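# Examination of the molecular architecture
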Amino acid sequence: MMFAGTRGRTARGSMRSVLKPKSLTRFACAAALVLAAAGCGGDSNGGKAQAVPRLPVQQEIGASEGRLNLVIWAGYAEDGSTDRHVDWVHAFQKRTGCKVNAKVADTSDSMYALMKTGQYDGVSASGDSSLRLIYGGLVAPVNTNLLKNYRDIPSYLKNQPYNSVKGQMYGAPHGYGANYLTYRTDKIPGTPPSWSIVWDKGSAAADHVVAYDSPIYIADAALYLKAHRPDLKITDVYELNQKQFDAAVELLKQQRPNVNQYWSNYLDEVEAFKAGDNYAGTAWQVTANIAKSEKAPIGTTIPTEGATGWSDTWMVAAHAEHPNCMYKWMNWIESPKVQAAVAQWFGEAPANPKACKYAAKGFCTQFRVGDVDFYKRLAFWKTPVADCGDSRGTSCVDYAKWTELWTQIKG
């Protein structure tokens, strides 16, 4: 069963996928190149750890300001324009008086750049941009006492490295998902027990590997090395010292000849899987659902090494023009019925498990809602910063360098 509905007509990333046979489009992200100035690089601070800007915490929700400007992933603020049956925006506007104006961002880097303009009240940030926003002073700490549904959110989604700093939450958890090992069951014999299917030169998927088109994919290489190269002593795949980072980059360069497709728009990946061009690689559950619904022989699994994943958080702009409407939106989007609607449309696990009461039969089981063990097997996207978070100090490789090397990896 495919739960995403016509959500499949839009995508988390809208850049076209890159196929191997001829030339590659170089991935250049201008926003990421200014990360050091935004607080994610160690160089701008003379090697010292970046301090989080001190910003006030809102103490009450006042009257609606009449407007709400959002930066979102496609599918997070549906108003019936994509599908007249899918609309949770108009009811919110009627209830609160806050007119929603949503700007779709195609990548986390685009979200960061848009928030930097100061024109938006909030953003549905993934973990690979949230710390940039926090340390850059672009989002404010959130008063969770003002969030009506916050107590219903499981503890394992709160105070995480991608949505908080030193116990202070910087947003409202929204939804999450895994980057599954996804494969063609007619091309790959049995269920692959390991990610080696995408890393080994002579694997059954050679020349037909698919990978996510983002610098954050370097963490997938680090995850594999964490299990297979204990000498590297990798503990956190987003906190890599130079030696660990270099090993991950080298593994990615070795993988490069076997990659058939780098994707950022999951619909492009669906088509390649359907055509039999992709044999195995990273994908979201919604990708597999759509491919299966269109008769492609697709399987998904979390291998022995675990997997990376993404968890999105609604964050309030540090100098939001309409902060009351933003808090009202967070209360609305975290309510059970709306959570069920968004999760099924987008294809993700809702942060509020009470959404399962309103979801289609089998949905929450498939997306492993409330499964703590499943959640703990995932290494959720987190912005790499210079501060390693341990005795190594600020010797870790920051996101600006990840972006630079990703371009070199792809060639």
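Shown above is the structure to which this text applies.
Residues numbered from 1 in each chain as written. Predicted model: local features only at pLDDT ≥ 70, side-chain atom pairs only at ≥ 80, totals over all residues. Heavy atoms only, no water.

Turning next to the overall build of the protein chain. Looking only at helices and strands, the protein chain features 14 helices and 15 strands. Out of the 411 residues belonging to the protein chain, those deemed buried represent 62%. Sequence-distant contacts, at least 24 apart, represent 77% of the contacts inside the protein chain between residues at least 6 apart. Total accessible area on the protein chain stands at roughly 16,300 Å², and carbon and sulfur atoms take up 49% of it. (Helix = DSSP H or I, 4+ residues; strand = E, 2+ residues; numbered from the N terminus. Buried < 20%, exposed > 50% of the residue type's maximum accessible area, 1.4 Å probe, protein only. Contact = heavy atoms within 4.5 Å. Areas by Shrake-Rupley, 256 points an atom, 1.4 Å probe, with all protein chains shown as cover.)

Bringing the environment of Ala296 into the picture now. Tracing the backbone through its elements, the reader meets Ala296 in the loop between helix 9 (285–293) and strand 12 (298–301). Considered as a pair, Ala296 and Lys274 are 22 residues apart in the sequence and their alpha carbons are 5.3 Å apart. When near neighbours in sequence (up to four residues on either side) are disregarded, Ala296 contacts Arg184, Lys274 and Ala291.

This next bit is on the pattern of salt bridges. Within the structure shown, the criterion is met by twelve salt bridges. Here Asp152 and Lys354 are joined by a salt bridge, their closest N and O atoms 3.3 Å apart. Placement of the pair is Asp152 in the loop between helix 4 (127–135) and strand 5 (164–165) and Lys354 in the loop between strand 14 (349–350) and helix 12 (363–366), with a sequence separation of 202 residues. A residue is classified by how much of its surface remains accessible, and Lys354, at 47% relative accessible area, is partly exposed. Close ionic contact of Lys274 with Glu294 constitutes a salt bridge, the shortest N to O distance being 2.4 Å. Remark: Glu294 occurs in the loop between helix 9 and strand 12 and Lys274 occurs in helix 8 (residues 266–275); sequence separation between them is 20 residues. Take Glu294: its relative accessible area is 40%, and that puts it in the partly exposed class. Residues joined by salt bridges that share partners form a network here, namely Asp236, Glu239 and Lys382. (Salt bridge = Lys/Arg side-chain N within 4 Å of Asp/Glu carboxyl O.)

Between helix 6 (residues 218–228) and helix 7 (residues 242–255), the least distance of the axes is 9 Å, while the angle of their chain directions is 105°. The angle between helix 6 and helix 7 places the two elements in the roughly perpendicular class. Within the contact between the two elements, helix 6 uses Ile218, Ala221, Ala222, Tyr224 and Leu225 and helix 7 uses Phe245, Ala247, Ala248, Leu251 and Leu252. Of the residues assigned to the contact of helix 6 with helix 7, the class counts are ten nonpolar, no polar and no charged. (Axes fitted to C-alpha atoms, helices over the stretch in contact; angles between N-to-C directions. Parallel < 35°, antiparallel > 145°, perpendicular 65-115°, else oblique. Nonpolar A, V, L, I, M, F, W, Y, C, P; charged D, E, K, R; others polar.)

The subject of this paragraph is the side chain of Ser335. The topology assignment puts Ser335 in the loop between helix 10 (323–333) and helix 11 (336–346). For Ser335, a relative accessible area of 17% corresponds to the buried category.

Positionally, Pro297 belongs in the loop between helix 9 and strand 12. Pro297 sits 110 residues away from Lys187 along the chain, and the two C-alpha atoms are 9.1 Å apart. If we skip the residues at most four places from it in the chain, Pro297 touches Tyr183, Arg184, Thr185 and Asp186.

Okay, the packing of aromatic side chains next. Counting across every chain of the model gives 24 aromatic pairs. Arranged with centres 5.6 Å apart and planes meeting at 90°, the rings of Tyr176 and Tyr375 form a pair that is edge-to-face. Note that Tyr176 is positioned in strand 7 (residues 172–178) and Tyr375 in helix 13 (residues 372–376), a separation of 199 residues in sequence. According to the relative accessible area criterion, Tyr375 is buried, its value standing at 5%. Between Tyr176 and Phe380 the ring centres are 6.2 Å apart and the planes differ by 85°, which places this aromatic pair in the edge-to-face class. Of this pair, Tyr176 sits in strand 7 while Phe380 is found in strand 15 (residues 378–380), placing the two residues 204 residues apart along the sequence. This pair shows no difference in class: Tyr176 is buried, exactly as Phe380 is. Ring pairs connect the aromatic residues Tyr76, Phe92, Tyr212, Trp263, Tyr266, Trp284, Trp310, Trp314, Trp329, Trp332, Phe346 and Trp381, which therefore count as one cluster. A cation sits over an aromatic face here: Lys158 above Tyr150, 4.2 Å from the ring centre. (Phe/Tyr/Trp six-rings, centres within 6.5 Å; stacked < 30°, edge-to-face > 60°. Lys NZ or Arg CZ within 6 Å of the ring centre and 35° of its normal.)

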